[in-house]
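Observations on chain architecture
Each chain, letter by letter, is given below.
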Amino acid sequence: MRAPLLFLIFNRPGMTGKVFEAIRAARPPRLYIAADGPRPERPGEAELCAKTRETALRVDWPCAVKTLFRKRNLGCAVAVSSAVTWFFSQEPEGVILEDDILPHPDFFPFCEELLEKYRDDPKVMHISGDNFQLGITRGVASYYFSRFAHIWGWASWARAWKHFDLSMPGLKHFIHAELPRVADEPEGLARFRLGLETAADTANTWDYPWSYAVLKKGGLCVMPNQNLARNIGFGDGTNCVCPSIWGAIRPRSMPEIIHPAEVEQNREADALTLRLQFIPESPEIFINEGLRRLENGQARANLELIAAMRDHYGDFHALTRLEALTGKVLALKEGATGKEALPGTRPGQKEEQTAHAGCDSGTEARRVNHRAGPAKSCWCGNRELLPWGGGYLRCPHCETLVDAASFAGDEGRKASGLYGEDYWTGKMSAAYAEMGCASPDEVLVLHYHERAAHWLSHIVRHVLPPARIFEMGCGMGTLVRWLCDLGYAAVGTEISPAWRRRLREKPGIRALSPAAFARVFRGVNFDCAILMDVLEHLSDPLAELKKIRKLLKPEGLLVLQLPEYPAGASYGEVAGHAFSRMLLPEEHVFLYSRAALTRLLHRFGFTHVKWLPNIFPSDMFAIAGTQPLPRYSEKETANRLLADAKSLTAFAALNNYRLLQEEKATSVKIVRHYDAVLEKINQGIARVPQLRAG
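Anyway, here's the lowdown on the structure attached to this text.

This part is about helix H3 (residues 76-88). One turn of the α-helix equals 3.6 residues, which is why residues spaced by three or four share an orientation. A rise of 1.5 Å per residue sets the reference length of H3, with its 13 residues, at 18 Å; its end C-alpha atoms lie 18 Å apart and thus fit the reference within 8%. In this structure, the buried residues of H3 make contact with strand S1 (5-9), strand S2 (30-35), strand S3 (64-69), strand S4 (93-98), strand S8 (154-157) and helix H5 (158-161).

This brings us to the pairing of strand S9 (residues 220-224). Extensive coverage of S9 is indicated by the burial of five of its five residues. Every second residue of S9 is oriented toward a common face, with Leu-220, Val-222 and Pro-224 on one face and Cys-221 and Met-223 on the other, all of them buried. When strand S6 (residues 124-128) meets S9, the two strands line up parallel, connected through three bridges. Paired with Ile-127 across the strands is Val-222, a residue of S9. Relative to S9, strand S7 (residues 143-146) runs antiparallel, the two sharing four bridges.

With respect to the helices and strands, the residue Ala-35 is situated in strand S2. With a relative accessible area of 3%, Ala-35 lands in the buried category. Separated by 15 residues in the primary sequence, Ala-35 and Ala-50 have C-alpha atoms spaced 9.8 Å apart. Once residues lying within four places of it in the same chain are set aside, the contact partners of Ala-35 are Ile-9, Arg-53, Leu-68, Phe-69 and Arg-70.

Every second residue of strand S13 (residues 392-395) is oriented toward a common face, with Tyr-392 and Arg-394 on one face and Leu-393 and Cys-395 on the other, all of them buried. Pairing of strand S12 (residues 384-389) with S13, which is carried by three bridges, proceeds in the antiparallel orientation. Paired with Leu-386 across the strands is Arg-394, a residue of S13. Between S12 and S13, which pair antiparallel and follow one another directly, the connecting turn spans two residues, one of which, Gly-390, has a positive phi of 65°. When S13 meets strand S14 (residues 400-403), the two strands line up antiparallel, connected through four bridges. The partner of Arg-394 across the bridge, within S14, is Leu-401. In this structure, the hairpin formed by S13 and S14 is closed by a connection of four residues, where Glu-399 is found at a positive phi of approximately 60°.

Right, let's talk about the packing of aromatic side chains for a bit. All told, the structure shown has 31 aromatic pairs when counted by the stated rule. Relative to Tyr-143, the ring of Phe-110 lies with its centre 6.2 Å away and its plane at 75°, an arrangement referred to as edge-to-face. With Phe-110 in helix H4 (residues 107-117) and Tyr-143 in strand S7, the pair connects residues that are 33 residues apart, well separated along the chain. In terms of burial, Phe-110 and Tyr-143 fall into one category: buried. Seen in terms of ring centroids, Phe-192 and Tyr-208 are 5.6 Å apart; in terms of plane orientation they differ by 40°. Their pairing is tilted. Residue Phe-192 is located in helix H7 (residues 186-202), and its partner Tyr-208 is located in helix H8 (residues 207-216); the two are separated by 16 residues in the primary sequence. The same class applies to Phe-192 and to Tyr-208, which are both buried. Each member of the aromatic cluster is reached from another via a ring pair, and the members are Tyr-32, Trp-86, Phe-87, Phe-88, Trp-154, Trp-161, Phe-164, Trp-206 and Trp-210. Geometry around Trp-157 places Arg-159 over its ring, the cationic atom sitting 4.3 Å from the centre. Here the guanidinium or amino end of Arg-594 rests over the ring plane of Trp-611, the centre of that ring lying 4.4 Å away.

Before going further, it helps to spend a moment on the sheet that holds S2. Neighbouring strands of a sheet are bound in pairs by backbone hydrogen bonds; such pairs are parallel or else antiparallel. Pairing is mixed across the open sheet formed by eight strands, whose spatial order is S3-S2-S1-S4-S8-S6-S9-S7. Both edges of this open sheet fall to S3 and S7, since each of them pairs with a single strand only. The sheet shows a mean angle of 25° between the axes of neighbouring strands, taken without regard to direction. Pairing of S6 with S8, which is carried by two bridges, proceeds in the antiparallel orientation. Across the sheet, the residue bridging to Ser-128 is Trp-154, located in S8. Against the sheet, helix H2 (residues 45-56) touches S1, S2 and S3, its axis set at about 160° to S1.

Calculation notes
Residues numbered from 1 in each chain as written. Predicted model: local features only at pLDDT ≥ 70, side-chain atom pairs only at ≥ 80, totals over all residues. Heavy atoms only, no water. Helix = DSSP H or I, 4+ residues; strand = E, 2+ residues; numbered from the N terminus. Expected span 1.5 Å × (residues − 1). Contact = heavy atoms within 4.5 Å. Buried < 20%, exposed > 50% of the residue type's maximum accessible area, 1.4 Å probe, protein only. Pairing = 2+ DSSP bridges. Phe/Tyr/Trp six-rings, centres within 6.5 Å; stacked < 30°, edge-to-face > 60°. Lys NZ or Arg CZ within 6 Å of the ring centre and 35° of its normal. Axes fitted to C-alpha atoms, helices over the stretch in contact; angles between N-to-C directions.

Structure (structure tokens):
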């Protein structure tokens with residue numbers, strides 16, 4: 001690589017390390033590193049920022065390094081834009097990468113060649129590394145031209161960046177006079193306009209102002225005909241807080257660069273970008289796009305669309321139909337079976353061949369490949385797992401920890417006795433002792449005024465009785481019993497025969513085996529499913545969530561608690577942390593990060609995820625739905641819960657828990673106040689000898 005590179009970082013050392021490995025493989029001669037300062041109100045962020053900067057400075061090749069490390073936090077818009085201005089004040093052209101953009105190795109020569117080719121063409125202002133056409137190739141060249149500046153890996157010139165202005169002057173006139181002529185997609189343009197106006201009002205982002213600068217000057221942006229970079233930061237960033245189908249598009253190689261004959265906008269491509277990228281994501285939108293392609297004779301273009309949908313949404317109800325239709329069309333065209341015609345990759349390409357091309361450069365020697373052994377992979381399908389520690393491997397694709405032992409399957413593990421009588425009376429006895437309990441029955445009582453009360457205090461604000469609820473893996477049955485007492489139609493399933501026998505001795509708790517539950521409730525649709533400390537035990541979470549999705553109403557909710565793996569953390573970094581106690585190979589098959597769990601939920605249409613306060617520091621607690629989540633006021637909740645006189649006692653217990661939590665919060669504030677007062681008194685006393693001496 002000959003061009004200089006600007007690396008934009010902040011507070012994510014793990015992610016920064018992945019991108020840095022790609023940069024190290026490219027070996028730029030001049031590396032500029034810019035970092036925003038930590039936010040003082042965020043505990044621990046200063047340490048994360050320091051570690052991130054240290055990671056980005058591990059340059060071990062001949063390279064001139066310059067840094068712009070802010071001491072105070074400027075925010076994303078100012079920090080990034082001022083860093084780019086700093087970069088172009090010293091370089092006439094260059095490549096820009098953020099800490100969550102993982103490039104394919106071919107991204108660097110692509111940018112380099114085009115920086116040189118269009119160096120003196122003022123009409124070309126931007127080179128993008130990403131592609132959002134989902135399988136549609138524009139023309140016969142390696143790239144086309146767009147009016148929109150995509151910034152997931154990009155390059156530009158100082159001559160172009162000089163037109164950038166964060167305040168976006170003249171925006172109102174441009175929106176009314178010029179924007180309607182940019183592309184033939186009114187609805188998409190309306191949403192893009194909203195993005196421009198929001199950016200101008202809040203000044204919390206820099207990408208819209210840069211797009212505006214390019215549009216206002218009538219500039220063009222180079223767009224590769226296949227994706228050369230991937231955003232791995234969804235669910236973990238400032239602006240990319242939720243997983244997206246765009247993050248599921250895999251980078252691919254571009255061994256040869258063919259230039260187009262004309263330098264002009266591809267209006268069809270820009271219309272598709274507006275139609276799909278500037279709208280709220282949903283599976284139906286992308287399925288409709290796939291059906292439109294079939295009508296237009298673009299069946300083969302659906303291969304990449306379907307692969308991205310499968311990776312992001314999983315076995316969603318309508319995806320199977322789109323796959324089948326596409327397969328039939330390709331079979332008729334090519335004389336192949338639908339299965340052969342739909343490999344999920346390009347024609348003639350092996351499915352695994354480029355699945356992770358460019359996504360972890362520099363780590364090939366450390367990868368653990370399980371193709372030769374048992375059929376084993378992460379839940380997301382990735383088989384290229386990295387060594388981690390404690391009996392686990394790490395999936396770099398979705399940031400999940402994977403049990404390194406072979407999978408026995410949930411039924412196999414049950415048969416082996418893992419969840420038999422000894423699991424509760426022997427294996428869990430140490431956990432009981434830590435809780436101060438001598439037996440499972442004492443734990444049952446403890447659960448009433450601890451876990452169940454905490455969970456219920458949030459559940460009742462989103463689901464009102466007499467809703468039909470089932471809990472998978474109900475364990476001690478505490479939550480099911482309390483739900484029934486509050487007027488819900490609640491039932492639980494439990495895989496352990498030994499524990500089901502114990503539950504039958506407890507009045508008011510209805511717990512069935514999974515097989516019996518399937519028979520009894522065939523055709524019944526539930527309002528809510530609950531999985532508390534269950535998902536991490538499942539060896540095939542996709543199959544189980546698929547079953548759960550079918551059991552729920554279209555607007556049904558999913559409530560989960562499970563351990564939270566701090567994404568990107570090494571085995572050494574979690575030592576001593578509460579999460580380290582969750583490292584239980586064989587028992588905890590998958591340990592998810594928050595981003596990984598969100599990604600998994602999105603696969604089944606649960607695109608609305610709300611994170612709730614967790615009761616234990618090692619856990620995460622969430623409620624998810626396919627539609628915007630309902631939220632009831634305390635008054636609405638109380639009125640509904642008290643509608644049935646039988647629920648009075650259960651409601652009183654729940655209300656006492658709420659009052660106790662409020663008292664605790666008040667007590668903490670009082671203690672902190674008096675601690676502060678006492679500290680001031682002690683400081684005054686310490687100064688008395690000085691005052692006397694003076």
